[in-house]
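# Architecture and fold: a report
One-letter residues, chain by chain:
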Amino acid sequence: MLKEKRRRGPHPTAPLKPTPEKKTTRREESTTAVIEYLDFARRHRFGDWMTGYKGGAPSMDGHRARDEGTARFAWAIPDEEALTLLLALGPLIELGAGCGYWTFLLRERGGDVVAYERNPPLDDRHSNGYCKETNRGGGAPDVIGRVWTPVLKGRVKPIRAHPDRTLFLCWPLYGDRFAAVALQAYRGARFAYIGEGASGCTGDDDFHALLAHEWEDEIFHRLHQWWGLHDNLTIYRRKESPAP
């Protein structure tokens, strides 16, 4: 069953510094194939059920693919360039890491990352609803996601134990205070965020107000997206912080 998130209006204009597109080398294609999630999303046309649509009931294949991908891996689809940008910010601390898929990929590429999740999906009996998809209909089997790499239990307090690490948030819950509280507690000069804009379905109004008033866009990278979602990677610099 499709897990829809509420939207509050049209998606805002993208930040001003998109990373330019570049041709992929054979070596990069080989490396990118290691990103299982990206390959999965491509095979399912990123959940696009409109292709070839001729009316009537839409195909559920795209919906089910998105449900399965977000439960098994993450809401955001990684690519090699996004991982490279994050690695350059290391060492990192990821809060709200879910199944830890992004942290897993970063660690596989030599990244120094600590990851925390309020309710880590450690086994098949976990209760983290964002890492499982049940009652999918049409005879589709349940999807029970589990951690890809060690993820510790924690919410915001771990920031204080890792003052030297760059904060990374990926798809903080819509309407939840978590992202705003984490950003207020964070004292670093740079911050990496994957999610939608102020009119989207990640974070709350206080979080996006903090971004607007205290941070400025430094790097913007357009991610591959599931159909109907508008998430991207933005690296922010604190406004009083000097450029590198």
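Along each chain, residue indices are assigned from 1 in the same order as the chain's sequence is written. The predicted origin of the model limits local features to residues at a pLDDT of at least 70 and limits the giving and counting of side-chain atom pairs to 80 or more, whereas totals for whole chains, interfaces and linings rest on all residues. Note that water and hydrogens are dropped before the side-chain values are worked out from all heavy atoms of the structure.

## Description of the nonpolar core
Most often, soluble globular proteins have nonpolar side chains that are buried together. How we decide: As used here, the term nonpolar core means buried Ala, Val, Leu, Ile, Met, Phe, Trp, Tyr and Cys residues forming a set that is joined through side-chain atoms within 4.5 Å. Only protein chains enter the calculation, and the probe is 1.4 Å; a residue is then buried if its accessible area is under 20% of its type maximum, exposed if over 50%, and partly exposed in between. Only DSSP runs of H or I reaching four residues or more are called helices, and only runs of E reaching two or more are called strands; each is numbered from the N terminus. Any two residues whose heavy atoms approach within 4.5 Å are treated as being in contact.
If you look at the biggest cluster of nonpolar residues, it comprises 35 residues, and the most contacted ones within it are Tyr37, Leu86, Trp102, Trp171, Ile194, Trp226 and Leu233. Those elements that place two or more of their residues in this core are helix H2 (36–43), helix H4 (80–87), helix H5 (101–108), strand E6 (166–170), strand E7 (190–195) and strand E9 (232–238). Beyond its immediate chain neighbours, meaning those up to four positions away, tryptophan 226 contacts Tyr37, Phe40, Ala41, Phe46, Gly47, Ala65, Arg66, Gly69, Thr70, Trp75 and Ile77. One finds Leu95, Ala179, Ala180 and Ala182 within the second-largest nonpolar core, a separate group that totals 21 residues.

## Remarks on the sheet that holds strand E8 (residues 215–221)
Using the following cut-off: Pairing between two strands is assigned when DSSP locates at least 2 bridges connecting them. Lines fitted to C-alpha atoms define the axes here, with helix axes fitted over just the stretch in contact, and angles between the N-to-C directions of these axes take values from 0 to 180 degrees.
The seven strands lie next to each other as E5-E2-E1-E6-E7-E9-E8, forming an open sheet whose pairing is mixed. A single partner strand is all that each edge strand has here, and the edge strands are strand E5 (152–153) and E8. Contacts from helix H7 (residues 178–185) reach strand E1 (92–95), E6, E7 and E8, with the element oriented near 170 degrees to E6.

## With respect to H2
Using the following cut-off: Along the arc lie the directions from the helix axis toward the C-beta atoms.
Regarding H2, the residues found buried are Tyr37, Leu38, Phe40 and Ala41. Down the axis of H2, the smallest arc covering the buried residues is 160 degrees, so these residues share one side.

## Quick look at the environment of alanine 179
Tracing the backbone through its elements, the reader meets alanine 179 in helix H7. Spatially, the C-alpha atoms of alanine 179 and threonine 202 are 8.9 Å apart, while their sequence positions differ by 23 residues. If we skip the residues at most four places from it in the chain, alanine 179 touches Leu169, Pro172 and Phe207.

## Some points on the environment of leucine 38
Here leucine 38 shows up in helix H2. The exposure class of leucine 38 is buried, given its relative accessible area of 1%. Once the C-alpha coordinates of leucine 38 and glutamine 225 are considered, the two residues, 187 residues apart in sequence, prove to be 9.8 Å apart.

## Topic: the side chain of asparagine 128
Of note, asparagine 128 is situated in the loop between strand E2 (113–117) and strand E3 (132–133). Among residues more than four places away in sequence, those in contact with asparagine 128 are Glu117, Asn119 and Pro121.

## Quick notes on the pairing of E9
E9 sits mainly inside the fold: seven of its seven residues count as buried. The two faces of E9 match: Asn232, Thr234, Tyr236 and Arg238 on one face and Leu233, Ile235 and Arg237 on the other face are all buried. Taken together, the six bridges between E7 and E9 define a ladder with antiparallel strand orientation. The partner of glycine 195 across the bridge, within E9, is asparagine 232.

## Some words on the packing of H4 against H5
Helices that pack against each other are described as a pair by the angle of their axes relative to one another and the distance between those axes. Our working definition: Roughly parallel here means an angle under 35 degrees, roughly antiparallel means over 145, roughly perpendicular means 65 to 115, and every remaining angle is called oblique. In this classification, Asp, Glu, Lys and Arg are treated as charged, Ala, Val, Leu, Ile, Met, Phe, Trp, Tyr, Cys and Pro as nonpolar, and every other residue, Gly included, as polar.
One way to put it is that H4 packs onto H5 with a least axis distance of 10 Å and a crossing angle of 75 degrees. Judged on the interaxial angle alone, H5 and H4 are roughly perpendicular. Of the residues in H5, those touching H4 at Ala82, Leu83, Leu86 and Leu87 are Trp102, Leu105 and Leu106. Considered class by class, the residues forming the contact of H4 with H5 number seven nonpolar, no polar and no charged.

## A few points about the pairing of E1
What counts here: Throughout, right-handed denotes a crossover for which the path from the first strand over the helix to the second runs clockwise when the strands point away from the viewer.
Burial of the side chains of E1 extends over both faces: Leu92 and Glu94 are buried on one face and Ile93 and Leu95 on the other. Where E1 and E2 come together, four bridges link them in parallel fashion. Bridged to leucine 95 within E2 is tyrosine 116. Taken together, E1, H5 and E2 form a β-α-β motif whose crossover is right-handed.

## A look at the packing of aromatic side chains
Here is the rule: Geometry of aromatic contacts follows a simple scheme: Phe, Tyr and Trp rings, the Trp one being its six-membered ring, pair when their centres are within 6.5 Å, and the pair is stacked under 30 degrees between planes, edge-to-face over 60, tilted otherwise.
Summed over the entire model, instances satisfying the criterion amount to 18 aromatic pairs. Relative to tryptophan 148, the ring of phenylalanine 104 has its centre 5.5 Å away and its plane inclined at 40 degrees; by these criteria the two rings are tilted. Taken together, the positions of phenylalanine 104 in helix H5 and tryptophan 148 in the loop between strand E4 (143–144) and E5 put the pair 44 residues apart, joining distant regions of the chain. Classification of tryptophan 148 by relative accessible area gives partly exposed; the value is 28%.

## As for the pattern of salt bridges
Cut-off, in case you're wondering: A pairing counts as a salt bridge when a side-chain nitrogen of Lys or Arg comes within 4 Å of a carboxyl oxygen of Asp or Glu.
Counted according to the given criterion, the structure contains eleven salt bridges. In this structure, arginine 109 and glutamate 80 form a salt bridge, with 2.7 Å as the shortest nitrogen-oxygen distance. Of this pair, arginine 109 sits in the loop between H5 and E2 while glutamate 80 sits in helix H4; the two residues are 29 residues apart in sequence, bridging distant segments of the chain. In this structure, arginine 237 and glutamate 216 form a salt bridge, with 2.8 Å as the shortest nitrogen-oxygen distance. Linking arginine 237 in strand E9 with glutamate 216 in strand E8, this pair joins segments that are 21 residues apart in sequence. Shared partners join several salt bridges into a network, and the residues in it are Arg190, Glu216, Glu218 and Arg237.

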